[in-house]
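Spelled out from the first residue to the last, the chains are:
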Amino acid sequence: MERDTKAASIENRTFGMMSRRQLAGLSVMLPALAAALANGSVAAGIGNRTAISRAAMAQDVPQGGELTVAYNNPVGDTLNQHRSSSTSSRMISRHVLENLTWVDPANGSVNPWLAESWEISEDGLEYVFHLKQGVMFHDGTPFNAEAVKANFDNTMDPEARPGFTYGAMGASAYAGTEVVDEFTVKVTFISPHAAFLLFLSDGGTGIDSPTAMAEAGEDYGRTTLVGSGPFKFVEWIQGSHVTLERNPDYTGGPAAFGFTGPTPLDRLIYRDVPEANIRLQSVLADEAQLASIIPPNVPEVQGQDNVRVIATPKAGTTRMYLFNMNSPKLSDMAVRKAINMVVDKEAMLMLPGWAGFGRPGIACLPSNMVPNGDLSSVEQYDIPYDLEGARALLDEAGWVLNGDIREKDGVQLIFDMSVMQSDVDAGVIEPIDGFLREAGMQLNIKAGDINYWIDSFSNGDYEMTLMSDSGYVAVGMVQEFFRSGEPFATTGLANAEIDDLIDKAIGAPTIEEQWEYLMPCIGLIMQEVVGVMGWESDNLDVASNKLQQLAYNEIGFPWFYGAYLEQ
Amino acid sequence: MVGSASVQLADQADSVSKKAISKHQTQMGIIWRQLRRNRAAMIGATILLIEILLAVAAPVIVPFDPYQQNPRAALQAPSVEHWFGTDDTGRDLFSRVIYGARISLRVGLISVMIGGCIGITLGILAGYRGGFVDNLIMRTMDLLLAFPGILLALAIIAVLGPGLFNVMIAVGVASIPVYTRVARGSTLALKDREFVLSARSIGAGDARIAMRHILPNVLPPLIVLATLGIAGAILTAAGLSFIGLGAVPPTPEWGAILTLGRKYIYQAWWYTTFPGLAIMITVLGINMLGDALQDALDPRLRR
Amino acid sequence: MRYALTRLVLAVPIMFGVSLFTFLMLHFVPGDPVAAMFIGQGAAVSEEQMDKVRDELGLNDPLPVQYLNFLKNAVRGDLGNSIRTNEPVSEMIMRNLPATMQLTLASMAFALVLGISLGMLAAIKRGTVFDTAAMFIALLGVSMPSFWLGLLLISVFSIQLGWFPIIGGSGWRGLILPAFALGFAASAIIARMVRASLLDVLRDNYIVTARAKGLTERRVIFRHALRNAAIPVLTIVGLQFGGLLAGAVIIESVFTRQGLGRMLVTALQSRDFPVAQGGVLFVAIVYVFVNLIVDLFYGVIDPRISVD
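Keep in mind the model is a prediction, meaning the values are calculated, not measured.

Rules and cut-offs
Residues numbered from 1 in each chain as written. Chains lettered and ligands numbered in written order. Predicted model: local features only at pLDDT ≥ 70, side-chain atom pairs only at ≥ 80, totals over all residues. Heavy atoms only, no water. Helix = DSSP H or I, 4+ residues; strand = E, 2+ residues; numbered from the N terminus. Contact = heavy atoms within 4.5 Å. Phe/Tyr/Trp six-rings, centres within 6.5 Å; stacked < 30°, edge-to-face > 60°. Buried < 20%, exposed > 50% of the residue type's maximum accessible area, 1.4 Å probe, protein only. Lys NZ or Arg CZ within 6 Å of the ring centre and 35° of its normal. Buried area = accessible area lost by both parts, 1.4 Å probe. Salt bridge = Lys/Arg side-chain N within 4 Å of Asp/Glu carboxyl O. Polar contact = N/O pair within 3.5 Å; in protein donor to acceptor, adjacent residues only side chain to side chain. Nonpolar A, V, L, I, M, F, W, Y, C, P; charged D, E, K, R; others polar. Disulfide = S-S within 2.5 Å. Pairing = 2+ DSSP bridges. Axes fitted to C-alpha atoms, helices over the stretch in contact; angles between N-to-C directions. Domains from an automatic or database assignment.

Our focus in this paragraph is the environment of L153 of chain C. Residue and element names in this part refer to chain C. Looking at the element boundaries, L153 is found in helix α7 (residues 146-160). A sequence separation of 142 residues divides L153 from A11, and the C-alpha atoms of the two residues are 40 Å apart. When neighbours within four sequence positions are excluded, L153 is seen to be in contact with S158, L177, F180 and A181.

As structure tokens, then:
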């Protein structure tokens with residue numbers, strides 16, 4: 001309890017009242033903290049504050065109250081996790097469903113939840129789970145091995161649309177699930193799926209009531225959602241809100257989490273609020289108690305003593321300004337290096353688009369995603385800021401100034417930057433144009449909605465773009481962008497050695513082994529200078545100080561089990 | 001022989017229509033006098049004139065490069081150095097808003113030219129030809145009119161992709177039906193008039209009749225429409241920029257500046273206020289002028 | 001009556017045209033809804049996995065087949081299901097319609113009250129400072145970007161003064177600011193129209209007669225002039241109704257309201273074609289019918305218009 005209040009006041013002091021420069025100093029501290037907390041076996045997004053406050057979770061807290069959370073399009077597509085492709089949808093279903101395992105975001109350890117224990121075969125192809133007994137879904141259906149099988153079968157149904165969970169279950173590596181006895185279930189794979197236990201803790205693999213799924217059919221996840229978790233689904237009004245209410249009969253809760261039994265809050269409401277600024281204002285006016293915000297809004301929180309900003313290192317890739325190396329200009333290594341040399345990442349992070357949050361990017365994965373937060377083996381390939389050096393390098397390579405712009409053989413160093421309008425609005429695109437202009441280069445920013453951007457990216461119709469993905473299984477994200485032949489690997493990188501290392505990492509039976517291939521692979525990718533490794537970003541939430549005992553899940557979204565509102 | 005006779009006749013027909021035009025020119029004189037007496041018109045015209053001057057002279061006037069970022073001067077309030085303050089990358093907003101006049105005026109003019117040229121051509125064609133052509137054109141217009149303005153522009157941009165030029169096309173295309181309807185109506189009224197009939201009787205080509213005899217006479221109401229259309233186009237383009245479909249930074253288009261500034265609306269009021277005012281004043285000036293033109297052209301409203 | 005029927009019959013081919021036009025246009029919208037669904041989930045996706053989804057959604061069918069399927073179902077009132085949420089599009093429309101109708105009607109009511117008052121004031125006090133002031137307000141209305149007005153209203157009344165809810169309040173309190181932001185421009189247009197038609201009508205013979213008969217100016221205005229000024233105003237109301245529906249696209253986003261406008265923008269952005277298609281079609285149909293009704297009303301209001 002004492003440590004809890006201390007943690008809260010740290011949050012207050014550091015984020016509520018510090019100047020922008022001080023903020024930056026603090027966030028530079030974060031990777032070190034994260035590294036200290038990270039367990040070598042897992043690369044999870046680390047909510048360091050979460051760890052501190054959770055350690056002192058109290059059961060005896062004020063009960064009741066309604067918590068409103070403001071997010072942009074919180075559901076995305078559907079709450080049916082067997083079909084959903086939305087990340088934020090999983091943060092909602094996590095409250096209604098329970099999982100077989102629970103990954104502690106503080107240290108990445110895998111802990112029992114609905115599965116009390118498990119055995120894994122030597123070759124990593126067979127998982128046997130021993131299930132908890134006496135658990136009931138909200139509709140009265142008992143939880144057992146049949147229910148688990150029904151869920152996994154539904155996810156992997158070859159006739160149905162695959163969603164995120166299809167990949168989480170191993171996609172084509174998955175063989176099948178069989179019921180051994182009422183409370184024992186066996187999952188088999190064709191090839192190793194090293195991250196399986198991690199994925200089983202994800203909101204996407206939560207176990208739904210098989211009766212409810214069968215009854216609702218196509219409407220499941222829209223009109224109803226039935227699990228065994230601490231909250232029950234009430235309604236989802238698209239474009240407006242999702243309402244959950246407390247499950248008074250809840251007895252579960254992962255033992256390792258430190259909180260058990262019914263959750264204190266009566267109701268939990270996710271409001272759909274597209275404007276970041278309005279979300280922030282709604283918390284300041286106490287219409288909501290927690291909202292996701294963007295760095296440009298942070299200064300507005302300064303001097304407000306009833307709210308705090310919570311920064312959680314984002315689980316996912318570094319936010320990278322990727323190059324399309326098929327472009328004649330960018331096929332020139334000198335140009336790629338020079339662009340890296342003109343971008344002053346330290347100065348960039350002080351701009352309003354960052355407000356001091358995040359850390360300069362070093363590699364395609366941020367430090368919070370690698371074992372022990374240790375990027376030292378690839379740090380040598382990071383290209384430091386050196387404006388004069390960039391000018392000299394370009395001169396040497398024959399790109400000479402003609403007026404304001406450098407050119408060679410009539411080709412000007414103006415790059416088409418295809419991005420999402422929301423990134424332009426967030427203020428993280430234009431500064432790159434500013435940096436480039438210092439050395440006689442420019443951006444031609446082409447911004448559109450998410451589809452315009454994905455379309456130009458997947459068709460290779462860009463010269464530069466701002467790319468990132470969220471997730472916590474490193475190998476998948478490296479494969480996605482850098483394994484040649486993948487639909488989204490369009491940077492023009494074609495290096496057999498890199499491909500080979502990625503394939504080996506995918507085939508490794510454990511995560512430790514994966515990293516033996518992955519780290520050298522990242523080194524090779526960095527040597528190719530595939531982009532400017534912009535910054536390691538933080539998810540930012542603003543929370544009312546009335547909201548206490550707030551936890552974060554492993555992908556950096558708030559988890560309100562055990563949270564309460566002070567009166 | 002036959003040739004020279006028909007040329008002679010054609011000249012006669014032309015002189016008849018020139019009479020119509022010269023009548024129309026004296027009408028222009030009346031309109032001009034009307035406008036000069038109208039205070040609102042003069043205010044509107046002055047606003048526009050100043051703006052055009054600012055737009056043309058922008059490179060000479062502005063104190064800073066509108067594209068030059070200066071991270072150390074981000075989000076500064078208006079001061080002697082930065083009259084309108086600075087934006088989140090430290091660019092001088094006064095310089096950007098002045099440069100924005102070039103862009104917004106161009107957006108307005110080009111959109112109207114696209115919509116007007118296509119719309120008027122189709123309208124005259126429909127009115128003059130009648131029959132199947134008329135039906136085809138007007139039913140297509142009905143179709144376009146079935147989509148409320150911005151929705152059509154929204155869909156066109158979804159097809160063409162975002163960007164300033166595509167916005168001009170979208171806004172222009174969405175405005176075609178209005179011009180077509182008005183042009184067709186006036187053409188119908190004109191095509192049985194004496195000077196048109198005589199031009200036709202002596203074998204003047206359709207194109208010649210349309211260009212020399214009909215167009216000059218259907219133009220006045222369309223000029224009013226176009227003037228007001230410029231104002232509408234500037235507003236729609238800004239609205240499209242606002243939902244992320246218009247001009248792309250670092251282009252200093254007013255709608256785009258507003259969009260970038262809206263996340264700072266509580267920290268940096270100047271960021272949204274000045275481009276917002278710029279849009280409003282421009283549109284106001286154009287509307288005042290357009291209204292006065294309309295009054296002047298509508299004889300019933302003359303005092 | 002025959003006129004009404006003819007107009008109704010004529011609306012049918014327009015509806016077909018609208019459906020084909022919408023379908024084709026959306027088809028040419030670049031962007032793959034399936035790719036958009038799959039990026040950003042933190043893992044590699046196979047091309048087969050994406051293709052399976054395209055198959056399931058019928059996106060791999062030839063274009064004419066897709067259109068005919070759409071049309072066949074649309075006639076039965078089935079506009080298909082959302083790609084993202086699987087919700088029937090017709091249900092989505094019905095769910096979002098009330099909020100948008102509330103906003104549109106409230107804005108229209110506001111626009112009419114303000115517009116007619118300003119217009120009458122200006123016409124009656126023609127040439128005075130009232131006329132100038134009323135017309136200047138009207139000019140401001142058409143010159144102000146509605147989203148800017150919306151932002152200013154939220155900033156002043158919701159955040160500084162705290163009079164109205166910030167995030168999409170329900171009930172009438174949540175309706176006032178968006179209705180104002182959306183209706184202001186329409187009120188300006190109505191004001192100008194009312195003024196012009198009043199001035200027009202006041203010169204007409206029968207008004208002159210009415211005056212000659214010794215009726216008071218007030219009676220002249222309310223009994224006779226206003227009734228006749230109603231026709232052009234009604235036309236504008238019909239036109240503005242569509243404008244308001246379209247304006248809702250932007251205003252609903254500014255004020256975080258759910259509704260058809262936001263549904264459409266979101267659908268276009270996520271390339272949720274069935275929703276975009278059904279939504280655009282629906283709005284177009286409503287728009288055509290509102291104008292049809294306005295046309296038919298002319299006859300009722302002004303007996304001078306022959307309904308042959």
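Next, the rest of the story.
Counted by the stated rule, this structure contains 36 aromatic pairs over all chains. Centroid distance Y321 of chain A to W535 of chain A: 6.1 Å. Interplanar angle 40 degrees. Geometry classified as tilted. Residue Y321 of chain A is found in strand β13 (residues 319-323), and its partner W535 of chain A is found in strand β21 (residues 531-536); the two are separated by 214 residues along the sequence. There is no split in this pair, since Y321 of chain A and W535 of chain A are both buried. Clustering of aromatic rings is evident, with ring pairs tying together W102, W113, Y250, F257, F259, W559 and Y561 of chain A. It is R90 of chain A that lies over the ring of F164 of chain A; its NZ or CZ is 3.4 Å from the centre. Between the NZ or CZ atom of K125 of chain C and the centre of the ring of F130 of chain C, over which it lies, the distance is 5.5 Å.

Think of interface size as the accessible area that goes away when the parts come together; that is how it is often given. Listed by partner, the interface residues are 46 residues for chain C and 50 residues for chain A. When chain C packs against chain A, the two sides together hide about 4,100 Å² of surface, and 53% of this comes from carbon and sulfur. Connecting chain C to chain A are 3 salt bridges. The interface formed by chain C and chain A holds 5 residue pairs in polar contact (both at pLDDT 80 or more) in total. Counting only elements with at least two residues in the side of chain C that touches chain A, the list comes to α2 (33-38), α3 (47-56), α5 (89-124), α7 and α11 (260-269) of chain C. Broken down by element, the side of chain C that touches chain A gets its largest block of residues, 6 residues, from α3 of chain C. Of the residues assigned to the side of chain C that touches chain A, the class counts are 22 nonpolar, 14 polar and 10 charged.

Next up on the list: the state of the cysteines. All names here are of chain A. Inspection of every chain in the model, using the stated rule, returns 0 disulfides over all chains. Not engaged in a disulfide, the cysteine C521 finds its nearest cysteine sulfur in C364; these two sulfurs lie 7.6 Å apart. The class for C521 is buried, based on a relative accessible area of 0%.

What follows deals with the interface of chain B and chain A. Facing the 23 residues of chain B at the interface are 28 residues of chain A. Taken over both partners, the interface formed by chain B and chain A buries close to 2,100 Å², and the fraction arising from carbon and sulfur atoms is 55%. Linking chain B with chain A are 2 salt bridges. Here R262 of chain B and E275 of chain A are joined by a salt bridge, their closest N and O atoms 2.5 Å apart. Our count for the contact surface shared by chain B and chain A stands at 9 residue pairs in polar contact (both at pLDDT 80 or more). When the residues that make up the side of chain B that touches chain A are grouped by side-chain class, the tally is 12 nonpolar, 6 polar and 5 charged.

On to the pattern of salt bridges. Scanning the entire structure with this criterion turns up 31 salt bridges over all chains. The salt bridge involving K186 of chain A is made with E126 of chain A; its shortest N-O contact spans 3.9 Å. Of the two residues, K186 of chain A sits in strand β7 (residues 184-189) while E126 of chain A sits in strand β5 (residues 126-131), which places them 60 residues apart along the sequence. Between R91 of chain B and E430 of chain A there is a salt bridge, and its shortest N-O distance comes to 2.6 Å. Pair noted here: R91 of chain B is in the loop between α2 (39-61) and α3 (93-129) and E430 of chain A is in helix α15 (residues 430-437), and the two residues belong to different chains. Per residue, the accessibility class of R91 of chain B equals that of E430 of chain A, and both read buried. A cluster of three or more residues bridged by salt bridges with shared partners is formed by D219 and R222 of chain A together with E87, E91 and R95 of chain C.

Residues and elements named next belong to chain A. On the secondary structure map, L413 appears in the loop between β17 (411-412) and β18 (414-420). With relative accessibility at 0%, the residue L413 sits in the buried group. Along the primary structure L413 and G440 are separated by 27 residues, whereas in three dimensions their C-alpha atoms are 7.6 Å apart.

Turning next to the sheet that holds strand β1 (residues 66-71) of chain A. All names here are of chain A. Spatial ordering of the open sheet is given by β8-β9-β10-β1-β11-β22-β12, a layout of 7 strands whose pairing is mixed. A single partner strand is all that each edge strand has here, and the edge strands are β8 (231-237) and β12 (307-313). Shown here is a sheet whose adjacent strand axes are inclined to one another by a mean of 20 degrees, direction ignored. Taken together, the 7 bridges between β12 and strand β22 (residues 538-544) define a ladder with antiparallel strand orientation. From the neighbouring strand, A311 faces β22, where its bridge partner is L540.

Here we come to the sheet that holds strand β14 (residues 359-360) of chain A. All names here are of chain A. Taken in spatial order, the 6 strands line up as β14-β21-β13-β20-β18-β19 in an open sheet, and their pairing is mixed. Of all strands in the sheet, those with a lone pairing partner are β14 and β19 (442-448), marking the two edges. As paired strands, β13 and β21 are joined by 3 bridges and run antiparallel to one another. Its bridge partner being in β21, L322 is matched across the sheet by G531.

With that out of the way, let us pick up the domain arrangement of chain A. All names here are of chain A. One can read the domain layout of chain A as domain 1 (3-30 + 63-314 + 539-565) and domain 2 (319-536). Each of domain 1 and domain 2 was reduced to a C-alpha centroid, and the two centroids are 31 Å apart. Contact residues are listed per partner, giving 25 residues for domain 1 and 24 residues for domain 2. Carbon and sulfur atoms supply 68% of the area that domain 1 and domain 2 bury against each other, a total of about 2,100 Å² over both sides. There are 0 salt bridges connecting domain 1 and domain 2. The interface formed by domain 1 and domain 2 holds 1 residue pair in polar contact (both at pLDDT 80 or more) in total. Residue assignment for the side of domain 1 that touches domain 2 shows that the elements contributing at least two residues are α2 (20-37), α7 (196-199) and β12. In terms of residues, the side of domain 1 that touches domain 2 owes the most to one element, α2, which gives 7 residues. Of the residues contributing to the side of domain 1 that touches domain 2, the split by class is 18 nonpolar, 1 polar and 6 charged.

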